[in-house]
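Listed here are the chains, written in short residue letters.
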Amino acid sequence: MDSKEEIINKINDQEIEYFDDIPKEYQNDEEVIYALIDANDGEPLCSFPEESIWKKDKKLVMHAIGLYMRIYENELKEEENLHIMYDYAHEDLHNDQDIIDLIGVNPE
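Treat the numbers as computed from the prediction; the structure is a model and nothing was measured.

Draft legend 1. Representation of helix α1 (residues 4-12) within the structure. Looking only at α1, the buried set comprises I7, I8 and I11. Taken around the axis of α1, the buried residues stretch over an arc of 100°, which confines them to a single face. Taken together, the buried residues of α1 touch α2 (30-39). Immediately beyond the C-terminal end of α1, within one or two residues, lies Q14, with a positive phi of roughly 65°.

Draft legend 2. Representation of the pattern of salt bridges within the structure. Within this structure, the stated rule accounts for nine salt bridges. Across the pair D2 and K10 runs a salt bridge, and its minimum N-O distance is 2.7 Å. In this structure D2 comes out as partly exposed when scored by relative accessible area, which is 27%. For K10, a relative accessible area of 28% corresponds to the partly exposed category. Linking E51 and K56 is a salt bridge whose minimum nitrogen-to-oxygen distance equals 3.1 Å. Of the residues examined, E51 reaches a relative accessible area of 54% and is grouped as exposed. Several salt bridges converge on common partners, so that one network encompasses K4, D29 and E31.

Draft legend 3. How the structure looks around the nonpolar core. Grouped together as the largest cluster of nonpolar side chains are 33 residues, with contacts concentrated most on I22, I33, I37, L45, F48, I65 and M85. Elements represented by at least two residues in this core include exactly α1, α2, α3 (58-78) and α4 (97-103). The element contributing the most residues to this core is α3, with eight residues. The contacts of F48, once residues within four sequence positions are left out, are F19, I33, L36, I37, W54 and K55.

Rules behind the numbers
Residues numbered from 1 in each chain as written. Predicted model: local features only at pLDDT ≥ 70, side-chain atom pairs only at ≥ 80, totals over all residues. Heavy atoms only, no water. Buried < 20%, exposed > 50% of the residue type's maximum accessible area, 1.4 Å probe, protein only. Helix = DSSP H or I, 4+ residues; strand = E, 2+ residues; numbered from the N terminus. Arc of directions from axis to C-beta. Contact = heavy atoms within 4.5 Å. Salt bridge = Lys/Arg side-chain N within 4 Å of Asp/Glu carboxyl O. Core = buried A, V, L, I, M, F, W, Y, C linked by side-chain atoms within 4.5 Å.

This is the structure we're talking about:
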């Protein structure tokens, strides 16, 4: 079995890019999840299972959205697709004012 450090190294080396590829024993480890989010510009969070604790974690959701928006915000605005950023958060967070302010549009 790989250690947490080995899993994080695999994430940083792009050997692990998706939540489902993280060994089950590390899927609830905050450090591993943040490494996955950071190594992939925030994008993996949108494909996490809807009931994942991580899609309900406001701090992580805002971190992931912030990372992705810093890189792709102009493209999202041009295509009028900012609303897709709500896919990063559980529906319980869709009306959170901090998340609405970060994304810049109301949920549809």
